[in-house]
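# Coordinates in review
Spelled out, the chains give:
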Amino acid sequence: MDAITINGLSKQYNKKYAIENVSLQVAEGEIFGFIGPNGAGKSTTIKVLLNFIKPDAGHAAIFGRDCQQAAKEIKTFTGYVSSDVRFYSKMTTAELLAFTADFHQVKQPKKEIQNLMELFQIDPNKSIAELSLGNKKKVGLASALIAQPRMLILDEPTNGLDPLIQKRLFEELLRRNKQGMTIFLSSHDLHEIQTYAHRTAFIREGQIITVKELSEEENFGKVVTLTNEGSLSLAGLENVQVLAQESHSLRFFYQGDMNQLAHFLTNPAIKEFTIEHPTLEQQFMLLYEGGSQK
Ligand SMILES: Nc1ncnc2c1ncn2[C@@H]1O[C@H](COP(=O)(O)OP(=O)(O)OP(=O)(O)O)[C@@H](O)[C@H]1O
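Residues numbered from 1 in each chain as written. Predicted model: local features only at pLDDT ≥ 70, side-chain atom pairs only at ≥ 80, totals over all residues. Heavy atoms only, no water.

## Observations concerning the overall build of the protein
Looking only at helices and strands, the protein has nine helices and 14 strands in total. If one aligns the C-alpha atoms of the protein with their principal axes, the spans along those axes are about 70 × 40 × 35 Å. Here the protein holds 294 residues, and 48% of them are scored as buried. Contacts spanning at least 24 positions in sequence make up 67% of the contacts within the protein whose residues lie at least 6 apart. Side chains of the protein carry 31 positive and 34 negative charges; the gap between the two charge centres is 8 Å. (Helix = DSSP H or I, 4+ residues; strand = E, 2+ residues; numbered from the N terminus. Buried < 20%, exposed > 50% of the residue type's maximum accessible area, 1.4 Å probe, protein only. Contact = heavy atoms within 4.5 Å. Lys, Arg positive; Asp, Glu negative; His and termini not counted. Charge placed at Lys NZ, Arg CZ, Asp CG, Glu CD.)

## Here's the deal with the pattern of salt bridges
The final tally for this structure, using the stated rule, is six salt bridges. Across the salt bridge formed by E28 and R150, the nearest N and O atoms sit 3.4 Å from each other. Here the residue E28 occupies a position in the loop between β2 (16-26) and β3 (31-35), and R150 occupies one in the loop between α5 (133-146) and β7 (151-155), the gap between them amounting to 122 residues. Residue classification places R150 among the partly exposed residues on the basis of a relative accessible area of 32%. The shortest N-O distance in the salt bridge between E73 and R65 comes to 2.8 Å. Residues joined by salt bridges that share partners form a network here, namely E172, R175 and R176. (Salt bridge = Lys/Arg side-chain N within 4 Å of Asp/Glu carboxyl O.)

## Structural notes on the pairing of β7
Of all five residues in β7, five are buried, a share of seventy percent or more. Where burial is concerned, the two faces of β7 agree: the one with M151, I153 and D155 and the one with L152 and L154 are both buried. Inspection of the sheet shows strand β6 (residues 78-81) paired to β7 by four bridges, in the parallel sense. Within the sheet, the bridge partner assigned to T78 lies in β7 and is M151. Pairing of β7 with strand β8 (residues 182-187), which is carried by five bridges, proceeds in the parallel orientation. Residue pairing in the sheet places L154 in a bridge with L185 of β8. (Pairing = 2+ DSSP bridges.)

## Notes on the side chain of E112
When you line up the elements, E112 lands in helix α4 (residues 109-120). For E112, which is buried and forms no salt bridge, the nearest opposite charge comes from R176, at a distance of 4.4 Å. Non-local contacts of E112, meaning those with residues more than four positions away in its chain, are made with V106, K107, I146, Q148 and R176.

## Observations regarding the sheet that holds β8
The strands that make up a sheet are held in pairs by hydrogen bonds between backbone atoms, and each pair lies either parallel or antiparallel. The strand order β6-β7-β8-β3-β9-β10 describes an open sheet built from six strands, whose pairing is mixed. What marks the edges here is a single partner per strand, and that holds for β6 and β10 (207-213). Sheet twist, expressed as the mean angle between neighbouring strand axes with direction ignored, is 15°. For strand β9 (residues 199-204) and β10, the ladder comprises six bridges, and the chain directions are antiparallel. (Axes fitted to C-alpha atoms, helices over the stretch in contact; angles between N-to-C directions.)

## Comments concerning the site of the ligand
Within the structure, the ligand sits among Y13, A18, P37, N38, G39, A40, G41, K42, S43, T44, E156 and H188. In the model, an oxygen atom of the ligand is placed 2.9 Å from a nitrogen or oxygen of the G41 main chain. For the shell around the ligand, the leading source of residues is helix α1 (residues 42-49), giving three residues. For the shell around the ligand, a count of residues per class yields four nonpolar, six polar and two charged. (Near = heavy atom within 4 Å. Polar contact = N/O pair within 3.5 Å; in protein donor to acceptor, adjacent residues only side chain to side chain. Nonpolar A, V, L, I, M, F, W, Y, C, P; charged D, E, K, R; others polar.)

## Structural notes on a nonpolar patch on the surface
A cluster of nonpolar side chains, contributed by M258, F273 and I275, occupies part of the molecular surface with about 260 Å² of accessible area. One can find F273 in strand β14 (residues 270-276). For F273, a relative accessible area of 41% translates into the label partly exposed. (Patch = residues over 30% accessible without salt bridge, like charges linked within 9 Å, V, L, I, M, F, W, Y side chains within 5 Å. Areas by Shrake-Rupley, 256 points an atom, 1.4 Å probe, with all protein chains shown as cover.)

## Focus: α4
A rise of 1.5 Å per residue sets the reference length of α4, with its 12 residues, at 16 Å; its end C-alpha atoms lie 16 Å apart and thus fit the reference within 8%. The complete set of buried residues in α4 reads E112, I113, L116, M117, L119 and F120. Projection of α4 onto a plane perpendicular to its axis shows the buried side chains occupying an angular sector of 165°, all on one side. (Expected span 1.5 Å × (residues − 1). Arc of directions from axis to C-beta.)

Here it is, written out as structure tokens:
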């Protein structure tokens, strides 16, 4: 059974699609990245999963339970941390975590709370209301983790966290993932996704462009950088996207036949060349901006 199944999901605001015919499958035990520029539809998709909003069409399920019909049950095994954690409780951080642990009948709650407080450097005596955004976020993450959910949905989890805490968060997420937790990770941070996710979906203007296995970079094409003397024509190559061109250098993205590329590279005008896997950042730029590069 899939951990998340999304089929033909659409949602409009003011007659404009926020998401359109989105379909995705996330396997149990995956860390699944969800990348897209601002306004692409990431939060809308997550809000449907959590039944905060109703889709106009399609359906979504977590571990086979329909996100609308079984929303209550889904909350018992799904943790969620929003990009912008906004709770204004009068409780202290320690009280909130104890309450959450009690609600989810966590074994050894004191030990678990202490571990998470140390991990995220949370002051147990501060009231939630007086915390900064970053500290609220840490409490939100600790609170989601203490419940030991089978599914964890994170919307830009590192937003507002300092680098040490970001590192600790991902170490903890990897540890939990090894124990079986499925993680759905929406992020703008390509490096984060490339480092930690097993697969990622790219979403743009409400539509899924591609879902990629991050370990299989070769499926996505190559970035060729070369220096040349004299004129050079790309006419013999198909599936080429020029990334940068100057009089004696050229960089292009190539998705065509490798024999054709090998033949092209025997051109005597070419003095040096390198062939690389595109980084996720390059892929992102290619997908979103039609090839414009840093
Ligand atoms: N409540 C709303 N009312 C009207 N339009 C909305 C509403 N929520 C989202 N939208 C629109 O739907 C589209 C998708 O928004 P969404 O928040 O899902 O994107 P996102 O990928 O999460 O963006 P970001 O990375 O900036 O958080 C955007 O065009 C947004 O303006």
